[in-house]
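# Structural overview for review
If you want the building blocks of each chain, they are given just below.
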Amino acid sequence: ILFMPLGFLLPYIWHKFNFWKTLLAGLLISSCIEFIQYIAQLGCCDMDDVINNVLGTCIGYICYTLYRHASASK
């Protein structure tokens, strides 16, 4: 849920972000967070977190797509 705004706001603010660029950005940011947790030994470093964060980014992008289509049809 925390990465849903990322998936929505990246293409909303910068129109050059398509689905794949948004997905890659979510993957890189989530991987960096997990890597920092691993190095600093803070929290629990887990690949499930990366997968869930990327899924949240995808859901946010889908919400953006629905918003774009709804606002275009007005």
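Scroll up for the structure.
One structure accompanies this document, and this report is about it. Treat the numbers as computed from the prediction; the structure is a model and nothing was measured.

Reading the values: rules and limits
- Residues numbered from 1 in each chain as written.
- Predicted model: local features only at pLDDT ≥ 70, side-chain atom pairs only at ≥ 80, totals over all residues.
- Heavy atoms only, no water.
- Axes fitted to C-alpha atoms, helices over the stretch in contact; angles between N-to-C directions.
- Helix = DSSP H or I, 4+ residues; strand = E, 2+ residues; numbered from the N terminus.
- Parallel < 35°, antiparallel > 145°, perpendicular 65-115°, else oblique.
- Left-handed = near helix turned anticlockwise from the far one by under 90°.
- Contact = heavy atoms within 4.5 Å.
- Nonpolar A, V, L, I, M, F, W, Y, C, P; charged D, E, K, R; others polar.
- Phe/Tyr/Trp six-rings, centres within 6.5 Å; stacked < 30°, edge-to-face > 60°.
- Buried < 20%, exposed > 50% of the residue type's maximum accessible area, 1.4 Å probe, protein only.

## Comments concerning the packing of helix α1 (residues 4-13) against helix α3 (residues 47-72)
Packing of α1 against α3 brings their axes to within 6 Å, and their N-to-C directions diverge by 45°. Taken as axis vectors, α1 and α3 run oblique relative to one another. Two packed elements cross with a definite hand, and for α1 against α3 that hand is right-handed. Listed contacts from α3 to M4, L6, G7, F8, P11 and Y12 of α1 are G56, T57, I59, G60, Y61, C63, Y64 and Y67. For the contact of α1 with α3, the per-class residue count stands at 10 nonpolar, 4 polar and no charged.

## Considering unusual backbone geometry
Backbone geometry at Q41 places phi at a positive 55°, although glycine is not the residue there. Tracing the backbone shows Q41 in the loop between α2 (19-40) and α3.

## Section: the packing of aromatic side chains
Inspection of every chain in the model, using the stated rule, returns 8 aromatic pairs. Between Y61 and Y64, the aromatic rings sit 6.0 Å apart at their centres with planes inclined by 50°, giving tilted as the arrangement. With Y61 and Y64 both in helix α3 and 3 residues apart, the pair spans about one turn of that helix. The pair Y61 / Y64 is uniform in exposure class, with both members buried. Among the aromatic residues, those joined into a ring-pair cluster are F8, Y12, F19, W20, Y61, Y64 and Y67.

## A look at the packing of α1 against α2
Between α1 and α2, whose axes approach to 10 Å, the crossing angle comes to 130°. On the basis of the axis angle, α1 is oblique to α2. In this structure, α1 meets α2 at a crossing whose hand is right-handed. Counting all contacts with α1, which are made through L6, G7, L10 and P11, the residues of α2 involved are T22, A25, G26 and I29. Broken down by class, the residue content of the contact of α1 with α2 amounts to 5 nonpolar, 3 polar and no charged.

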